[in-house]
Amino acid sequence: MKKPMGRVLIVAAILVVFAIAGRIYLPYWLKEYVNSTLDSIPGHTGSVADIQVHLYRGAYVIKNLVIEKTEGPQKVPFITIENADLSIEWKALFDGAVVAQVHFDKPIVHFVGSKAASASSKQLGDDVDWTEPLEKLLPIRINRFTASDGILFYHDFTSKPQVDLSLNQLEVLLTNLTNSKSSAERLPSSLTATAVSLGDGKLTVRSKLNVLKKIPDIDLDLKFEQVNLPALNDFLRAYANVDAEAGTFFLYSEIVVKEGQLSGYVKPILTDVRLLDWGEGKGDLLQNIWETLVATVTEIFENQPKDQLATKVPLQGDLNEPETAILPAIWNVFLNAFVEAFTKNIDGTVKFSAESQ
């Protein structure tokens, strides 16, 4: 009787040793796997400093993730994340769903634009399907995504002066992506995001979505308020060749996407604007002439009783047609003069109807 018991103990001891060895080796294997996955992203390379495994909650934490673009003379990495936590969402288990949750701590994204025609000088991330590497890193479906203390940068290293804009203190909450609660709503997922911009502007985004469709259905409201305009002078000088001595910028938008059809509006507002007048600046003669001309046009088109300059840009498009260049069309409209004044708030006129079209 003692010999079989001894064999059981030996087998158990061997299994324990293998389990301990596997647990010790697992972070190293995961690190190699994650680095290989990041390096397989088209046009990019990536690496992580360390991997921490938490078996008790079905999670692993990626430390100091960096993704860089391999083409073009980029001066900043595309993405850095101090901690990326990928784990099982235990709350969803009670709803009978085995899904994951992802949290990014201190994510930083550097977008790079350029007036140059070369695409290699830009870094926008629009040429990669980022869901593919994320699915490889976490093979079960993601139901909840959060990000805290993030920063979004926009740089133009080719402009004069160079442009550096940022959204700081970014907080994102995206829930019920897989509809794990089996909701009958047409838009079962929710998105909230907040951030603070250069010039102390406050960004707030609220949205309901259905991300399970090829082209997601979306009902989104956006407010971007109280931006101190002189803080954007590098951008204004580079793209409009003017300086703002005073003024506040607001932006409001409602957007709906239903069955691939986009509708909505973008409403920018400028209040108490004062551009640099003739003789006040230190620029050259042509620069001062241009700034004086812009200041004069602004004064003509400004709503004088409200000291407010605004316009409302309608959005309409078919996202089922990839060749439709919606963003360039919107940008061209923004280049026109601001000629009408509107209330500083969303209109509440664009709503997602649950009825089928």
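This text follows the structure it describes.
Predicted model, so just to flag it, every value in this text is computed and none were measured. (Residues numbered from 1 in each chain as written. Predicted model: local features only at pLDDT ≥ 70, side-chain atom pairs only at ≥ 80, totals over all residues. Heavy atoms only, no water.)

Caption draft 1: Geometry of the overall build of the chain. Tallying secondary structure elements over the chain gives six helices and 14 strands in all. Of all 357 residues assigned to the chain, the portion counted as buried reaches 41%. Partitioning the intrachain contacts of the chain with sequence separation of at least 6 by distance along the chain shows that 60% fall at a separation of at least 24. (Helix = DSSP H or I, 4+ residues; strand = E, 2+ residues; numbered from the N terminus. Buried < 20%, exposed > 50% of the residue type's maximum accessible area, 1.4 Å probe, protein only. Contact = heavy atoms within 4.5 Å.)

Caption draft 2: Quick peek at the packing of aromatic side chains. Under the criterion given, the structure shown has three aromatic pairs. Note on F78 and F111: the rings are 6.1 Å apart at their centroids and 70° apart in plane angle, and the pair reads as edge-to-face. Of the two residues, F78 is situated in the loop between β3 (59-69) and β4 (79-88) and F111 in strand β5 (residues 100-112); the sequence distance between them amounts to 33 residues. The class for F111 is partly exposed, based on a relative accessible area of 27%. An angle of 85° between the planes, with centres 6.4 Å apart, marks the rings of F224 and F249 as edge-to-face. You can see F224 sitting in strand β10 (residues 217-228) and its partner F249 sitting in strand β11 (residues 244-258), a full 25 residues away along the chain. There is no split in this pair, since F224 and F249 are both buried. (Phe/Tyr/Trp six-rings, centres within 6.5 Å; stacked < 30°, edge-to-face > 60°.)

Caption draft 3: Molecular detail of the pairing of strand β7 (residues 163-175). Inspection of the sheet shows strand β6 (residues 142-156) paired to β7 by nine bridges, in the antiparallel sense. Residue G150 lies in a different strand from β7, and its bridge partner there is L170. (Pairing = 2+ DSSP bridges.)

Caption draft 4: Representation of the pattern of salt bridges in the model. Enumeration according to the criterion identifies five salt bridges in this entry. For the salt bridge of D105 with K106, the shortest nitrogen-to-oxygen distance reads 4.0 Å. Here R186 makes a salt bridge to D217, at a shortest N to O gap of 3.7 Å. Taken together, the positions of R186 in the loop between β7 and β8 (189-197) and D217 in strand β10 put the pair 31 residues apart, joining distant regions of the chain. Under the relative-accessibility criterion, R186 is labelled partly exposed at 26%. Because the salt bridges share partners, they merge into one network encompassing D105, K106 and D149. (Salt bridge = Lys/Arg side-chain N within 4 Å of Asp/Glu carboxyl O.)

Caption draft 5: Region of interest: the environment of N210. Secondary-structure assignment places N210 in strand β9 (residues 202-210). Filtering out sequence-adjacent residues up to four positions away, N210 remains in contact with R186, L187, P188, P216 and D217. Within polar-contact distance, the side chain of N210 engages the backbone oxygen of R186 at 3.3 Å. (Polar contact = N/O pair within 3.5 Å; in protein donor to acceptor, adjacent residues only side chain to side chain.)

Caption draft 6: A look at unusual backbone geometry. A cis amide bond, omega -5°, links K160 with the succeeding residue P161. Its place among the elements puts P161 in the loop between β6 and β7. Of note, K106 is a non-glycine position whose phi angle comes to about 55°, a positive value. Inspection of the secondary structure puts K106 in strand β5.

Caption draft 7: Structural view of the environment of P314. Structurally, the position occupied by P314 is in strand β14 (residues 313-318). On the basis of relative accessible area, P314 is assigned to the exposed category, the value being 65%. With 47 residues separating them in the primary sequence, P314 and K267 have C-alpha atoms 8.5 Å apart.

Caption draft 8: How the structure looks around the nonpolar core. Residues V34, I51, Y60, I62, L86, F224 and L229 are the most contacted members of the largest nonpolar core, which totals 55 residues. Once residues within four sequence positions are removed from consideration, Y60 is found in contact with L30, V34, I51, Q52, V53, A84, D85, L86 and L137. Listed in part, the five residues of the second largest apolar core include L187, V256, Y265 and F352. (Core = buried A, V, L, I, M, F, W, Y, C linked by side-chain atoms within 4.5 Å.)

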